[in-house]
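Okay, here's what each chain looks like letter by letter:
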Amino acid sequence: MSGRFITFEGIDGAGKSTHIEALAQRLRQGGCEVVNTREPGGTDLAERLRELVLHQRMDALTEALLVFAARRDHVQTLVAPALERGATVLCDRFTDATFAYQGAGRGFDAAVLSQLEQWVHGALQPDLTLWLDLPAETAAQRRAQARAADRFESEDLAFFERVRAGYAQRCAQAPQRFVRIDSSLERGAVWAQIAAELERRGW
Ligand code: TMP
């Protein structure tokens, strides 16, 4: 595959959307084909599964299976073809979110998640993961000013602290791929860190 696969991660309220849009614009200005997508979602089927995952009550195994089912369709029909034709894919969340939310957040067995990861997207991994990190409390304050909460957003502070710790663990396990961005700063300072990382890689 010749394109680049860049994922954005972080607890709800970390401010991913603004920066994904800014990065898409910057890359397009540089002449890249950019595919801007998200998980769960990105295809008709995966968006329908997203609705269920975000709003329907279910146990942690069902939740994990549905996010991976959505991911399978998304990778097969959108992400892999885009990378094959040389596009840059910007994806709002990917499998690290499953380890952070279903694994660390819900306490689901990480070994089972690794097995599912292997089945669903085998060797395909992001080239770069930008982890927008901030304290759970700051994120909660930001969320309070935004939209109505879904099943995840209405979780308590302790849940988001576990999710954040889950991201920290993923970051430590893949230091080449995973870059921590301090997202507690104001918007311009967060963007500067992202731009510097891209610059450092010559992208
Ligand atoms: P978003 O609001 O950032 O689009 O993410 C949707 C929610 O889905 C978010 O609260 C995190 C959750 N999620 C999981 O629990 N597991 C996953 O694998 C993914 C991709 C998202």
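The sections below set out a description of the structure shown in this document. (Residues numbered from 1 in each chain as written. Predicted model: local features only at pLDDT ≥ 70, side-chain atom pairs only at ≥ 80, totals over all residues. Heavy atoms only, no water.)

**Side note on the packing of aromatic side chains**
Two descriptors summarise a pair of aromatic rings, namely the distance from one centre to the other and the angle between the planes of the rings.
1) Next: This structure, assessed with the given rule, holds seven aromatic pairs.
2) Next: Their ring planes at 75° and their centres at 6.2 Å tell us that Trp 131 and Phe 178 sit as a pair that is edge-to-face. Here Phe 178 lies in strand 5 (residues 178-182) and Trp 131 lies in strand 4 (residues 128-133), a separation of 47 residues in the sequence. For the pair Trp 131 and Phe 178, one class covers both residues: buried.
3) Next: Ring pairs connect the aromatic residues Tyr 101, Phe 152, Phe 159 and Phe 160, which therefore count as one cluster.
4) Next: Between Arg 151 and the ring centre of Phe 152, over which it is positioned, the NZ or CZ distance is 5.6 Å.
5) Next: Note that Arg 201 overlies the ring of Trp 203, its terminal NZ or CZ placed 5.4 Å from the centroid. (Phe/Tyr/Trp six-rings, centres within 6.5 Å; stacked < 30°, edge-to-face > 60°. Helix = DSSP H or I, 4+ residues; strand = E, 2+ residues; numbered from the N terminus. Buried < 20%, exposed > 50% of the residue type's maximum accessible area, 1.4 Å probe, protein only. Lys NZ or Arg CZ within 6 Å of the ring centre and 35° of its normal.)

**Regarding the site of the ligand**
1) Next: Taken together, 15 residues lie around the ligand, and Lys 16, Arg 50, Arg 93, Thr 98 and Gln 102 are the ones closest in.
2) Next: Here an oxygen atom of the ligand and a side-chain polar atom of Arg 71 are 3.1 Å apart.
3) Next: Gln 102 places a polar side-chain atom, nitrogen or oxygen, 2.8 Å from a nitrogen atom of the ligand.
4) Next: For the ligand, the accessible surface in isolation is 480 Å², of which the surrounding protein chains cover 96%.
5) Next: Looking at the shell around the ligand, the elements with two or more residues in it are helix 2 (44-55), helix 3 (60-84) and helix 4 (95-105).
6) Next: With four residues, the single largest contributor to the shell around the ligand is helix 4. (Near = heavy atom within 4 Å. Polar contact = N/O pair within 3.5 Å; in protein donor to acceptor, adjacent residues only side chain to side chain. Areas by Shrake-Rupley, 256 points an atom, 1.4 Å probe, with all protein chains shown as cover.)

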